[in-house]
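A structural walkthrough
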Amino acid sequence: MPEPILSARGITKSFGALKASDDITLDLRAGEIHAVIGPNGAGKSTLIAQLCGGLAPDAGTVQFLGHDVTREGTAARARRGLARTFQISALAMEHSVIQNATLGCVGATGTPWRIVSRALRRGPLRDRAEQALARVGLQDHAATRVADLSHGQRRQLEVAVALTLQPKAFVMDEPMAGLGAEGSAQMTRLLHDLRHEAPILLVEHDMDAVFALADRISVLVYGQVIATGTVDEIRAHPEVRAAYLGDET
Amino acid sequence: MSRETILNALLVAGLVALPLGAHLAGEPFTVTLATRAVILALAAVGLNIALGLGGLVSLGHAAFFGVGGYAMGILASHAQSYVPLMEAPFLIEGTKSMPVIWLVAVVASALAALLIGMLSLRTSGVYFIMITLAFGQMLYYFAIGWAPYGGEDGLPIYVRNGFPGLNTLVPIQFYALCLVVLLLALALHAVIARSPFGLALDAARQVPERVRAVGLNPTRLKLAAFTLSGAITGLSGALFADLNRFVSPTMLSWQMSGEIMVLVILGGTGRLFGPVVGAAVFVALDHHLGGLTEFWQVWLGVILLAVVLFARGGLIGLIAGERRTDA
């Protein structure tokens, strides 16, 4: 079995008496989409925050590409190649689409201290940003202000900004949130293609998308992983059916 | 060409033509008024980098204005008394040379901004406003008690400092010098705003979590902007002290910080020429309404209220419309 790209080992996080993550162990391997599902309040956002560096776990470790990154912040993990998308779009609304994508390139190339050159001039930065936009289908909206984009286009831009990092792994927090059937299908196709570039840890409520995309699924309930397995295994898991899926399957 | 670019070009033309006209008409007082507006605009250009690009609502920028002013006052007072600033371990004498004074003012105010920024940027929102205000007041009260340099009474300088090739005592020549410095600062702002640094800084103002997620440190970006901002405001302080040939703790007061912020908001926060318009309107109101009533700032308050309520882009926004996005 190949070494995991990203792994959590026994991570635990409490907020007062509430244990939001309770001895969670999971990993993400090359070429796979590993979905994390669970009801609201299961601790998915806390898990993502610990994987991406927004929160430090009380116990346990996070490893990325063989390095212990438990005490590293979000920016340091991003520089190692861990790209994330946000549940609620975190985009610079006053900026254009190309500016948002270029920001990712500035971060990826470590060039934020350049003062004399133009950020949007023709060159490697812009090319990389435009390629990422083309990849998600936003190439015709480069000059549009993000505030004027539709919700679906903002979700696409989230992915494009993550792509500019040329990441080694993606952590995606509900990329289908708020999308209609067509948008969701489009996003599913996109994620399906992206898995070949970097594995995806996918937190998602849209079960159709999860079942269509995931190689493995982990089910999180009350901060604990109650099951990990393939789509068929999870569909058939009695505890998961009782706790989360109900009669949906 | 956008409306804002045309407006900016007209403003530059006005900055050149109006004082020149006043000089030719034999009205040196008008030239001095314009010099005051240009120097205050420079202070506001400094704040506009922190506030407009970085979103840092600093109520302590008078600290840097005052540090620049005192850098000029201290160096010039030692030069006029022929008493060295320091004899051991090495000799430091005063100077009447503007370029040297500017360099000292810029370095001293940048250092002050770096230190204040490092501590203040651990906070945000209203706490950032309060901590910058507190640092400003600390320096204000320090200056009041600093007896060797005039304490509460301030420090007069008898002759304006010199600049190679110019007679700075001639109002139009000093004005031209200040205008060149202002235009250079505006050029720097324009270059920064379009650079990768400006892009990252503006994004750090809007979505710091995104900036972190692409591998950048928003606090460091803001600290760099705050330091640069303090350096420019410090330079304006040195010029302001030279204009008045006097430096006093008033330059460090929180009212001064508020005044610099009013200039930025009035003209248009984050707009390149916002500080210029803000300063011009402020000085014009001070001069014209100040002659009619000592309560002229009530009317300034009314204008500011109207700008904040109805013209979020300031006076520039009112004329030139919303800021265009780069693409």
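The structure presented is a predicted model; accordingly, all values stated were derived computationally and were not measured.

Concerning the overall build of chain A
Secondary structure summary: chain A contains nine helices and ten strands in total. Radius of gyration (C-alpha) of chain A: 18 Å, near the 18 Å computed for a compact globule of 249 residues. Overall, chain A is about 60 × 40 × 35 Å in size when its C-alpha atoms are taken along their principal axes. Long-range pairs, those at least 24 residues apart, make up 64% of the contacts in chain A with a sequence separation of at least 6. As displayed, chain A offers around 10300 Å² of accessible surface, 49% of which is attributable to carbon and sulfur atoms.

Section: the packing of aromatic side chains
The description of two aromatic rings rests on the distance between their centres and on the angle between their planes. One pass over the structure, following the stated rule, counts ten aromatic pairs over all chains. Measuring from ring centre to ring centre gives 5.1 Å for F65 of chain B and F240 of chain B, while their planes differ by 50 degrees; the resulting arrangement is tilted. You can see F65 of chain B sitting in helix 3 (residues 62-81) and its partner F240 of chain B sitting in helix 9 (residues 218-244), a full 175 residues away along the chain. Of the two residues examined, F65 of chain B and F240 of chain B, each falls in the buried class. Aromatic pair Y140 of chain B and Y141 of chain B: ring centres 5.0 Å apart, planes at 70 degrees, arrangement edge-to-face. Taking relative accessible area as the criterion, Y141 of chain B reaches 54% and is therefore assigned exposed. Ring pairs connect the aromatic residues Y70, F142, W146 and Y149 of chain B, which therefore count as one cluster. The lysine or arginine in question, R84 of chain A, covers the ring of F86 of chain A, its NZ or CZ lying 4.0 Å from the ring centre.

Focus on helix 10 (residues 254-267) of chain B
All names here are of chain B. The end-to-end C-alpha distance of helix 10 is 20 Å, a good match for the 20 Å that 14 residues give at a rise of 1.5 Å each. Among the 14 residues in helix 10, ten count as buried, and that is most of the element. When we look at burial in helix 10, the residues that qualify are M256, S257, E259, I260, M261, V262, L263, V264, L266 and G267. Buried residues along helix 10 sit against helix 2 (28-53), helix 3, helix 9, helix 11 (274-292), helix 12 (296-310) and helix 13 (314-320).

Observations concerning the UniProt feature "transmembrane region" (unreviewed entry) in chain B
Taking the UniProt record as the reference, the feature "transmembrane region" (unreviewed entry) is found at residues 34-55, 62-80, 100-119, 126-149, 169-192, 260-285 and 297-320 of chain B. Taken end to end, residues 126-149 of chain B is 79% helix and 0% strand, and its first and last C-alpha atoms sit 34 Å apart.

Notes on the domain arrangement of chain A
Accessible area lost on assembly of the parts is the figure often given for the size of an interface. All names here are of chain A. Taken domain by domain, chain A holds domain 1 (1-81 + 168-249) and domain 2 (92-166). A C-alpha centroid distance of 26 Å is found between domain 1 and domain 2. Contacts between the two partners involve 15 residues from domain 1 and, on the opposite side, ten residues from domain 2. Across the domain 1/domain 2 interface, buried area totals approximately 1000 Å², and carbon plus sulfur atoms make up 61% of it. Here domain 1 is connected to domain 2 by one salt bridge. Two residues, R135 and E197, come together in a salt bridge whose shortest N-O distance is 1.9 Å. The interface formed by domain 1 and domain 2 holds four residue pairs in polar contact (both at pLDDT 80 or more) in total. Those elements that provide at least two residues to the side of domain 1 that touches domain 2 are strand 7 (169-173) and helix 6 (181-194). Looking at the side of domain 1 that touches domain 2, the element that brings in the most residues is helix 6, giving five residues.

So, the nonpolar core
One finds L133, L157, F170, L191 and L194 of chain A together with L40 and L182 of chain B to be the most contacted residues of the largest nonpolar core, which totals 130 residues. The element contributing the most residues to this core is helix 2 of chain B, with 16 residues. No fewer than three residues from each of domain 1 (1-81 + 168-249) and domain 2 (92-166) of chain A sit in this core. Residues in contact with L191 of chain A, not counting those within four places in the same chain, are I33, M172, P175, M176, I200, L202 and L213 of chain A. Grouped together as the second largest cluster of nonpolar side chains are 22 residues, I24, V36, C52 and L201 of chain A included.

Quick word on the sheet that holds strand 10 (residues 224-229) of chain A
Hydrogen bonding along the main chain pairs the strands of a sheet, whether they run parallel or antiparallel. Residue and element names in this part refer to chain A. Taking strand neighbours across the sheet as the criterion, the six strands line up as 6-7-8-3-9-10 in an open arrangement whose pairing is mixed. Every other strand in the sheet has two partners, leaving strand 6 (82-85) and strand 10 as the edge strands with one partner each. Pairs of neighbouring strands in the sheet enclose a mean axial angle of 15 degrees, with direction left out of account. Here four bridges tie strand 7 to strand 8 (residues 200-203), and the two strands are oriented parallel to one another. Bridged to D173 within strand 8 is V203. Along the sheet, helix 1 (residues 44-52) contacts strand 3 (33-37), strand 6, strand 7, strand 8 and strand 9 (216-221); its crossing angle with strand 7, the most-contacted strand, is approximately 150 degrees.

Thresholds applied
- Residues numbered from 1 in each chain as written.
- Chains lettered and ligands numbered in written order.
- Predicted model: local features only at pLDDT ≥ 70, side-chain atom pairs only at ≥ 80, totals over all residues.
- Heavy atoms only, no water.
- Helix = DSSP H or I, 4+ residues; strand = E, 2+ residues; numbered from the N terminus.
- Rg over C-alpha atoms; globule rule 2.2 N^0.38 Å.
- Contact = heavy atoms within 4.5 Å.
- Areas by Shrake-Rupley, 256 points an atom, 1.4 Å probe, with all protein chains shown as cover.
- Phe/Tyr/Trp six-rings, centres within 6.5 Å; stacked < 30°, edge-to-face > 60°.
- Buried < 20%, exposed > 50% of the residue type's maximum accessible area, 1.4 Å probe, protein only.
- Lys NZ or Arg CZ within 6 Å of the ring centre and 35° of its normal.
- Expected span 1.5 Å × (residues − 1).
- UniProt positions renumbered as here; feature names shortened; annotations may be inferred.
- Domains from an automatic or database assignment.
- Buried area = accessible area lost by both parts, 1.4 Å probe.
- Salt bridge = Lys/Arg side-chain N within 4 Å of Asp/Glu carboxyl O.
- Polar contact = N/O pair within 3.5 Å; in protein donor to acceptor, adjacent residues only side chain to side chain.
- Core = buried A, V, L, I, M, F, W, Y, C linked by side-chain atoms within 4.5 Å.
- Pairing = 2+ DSSP bridges.
- Axes fitted to C-alpha atoms, helices over the stretch in contact; angles between N-to-C directions.

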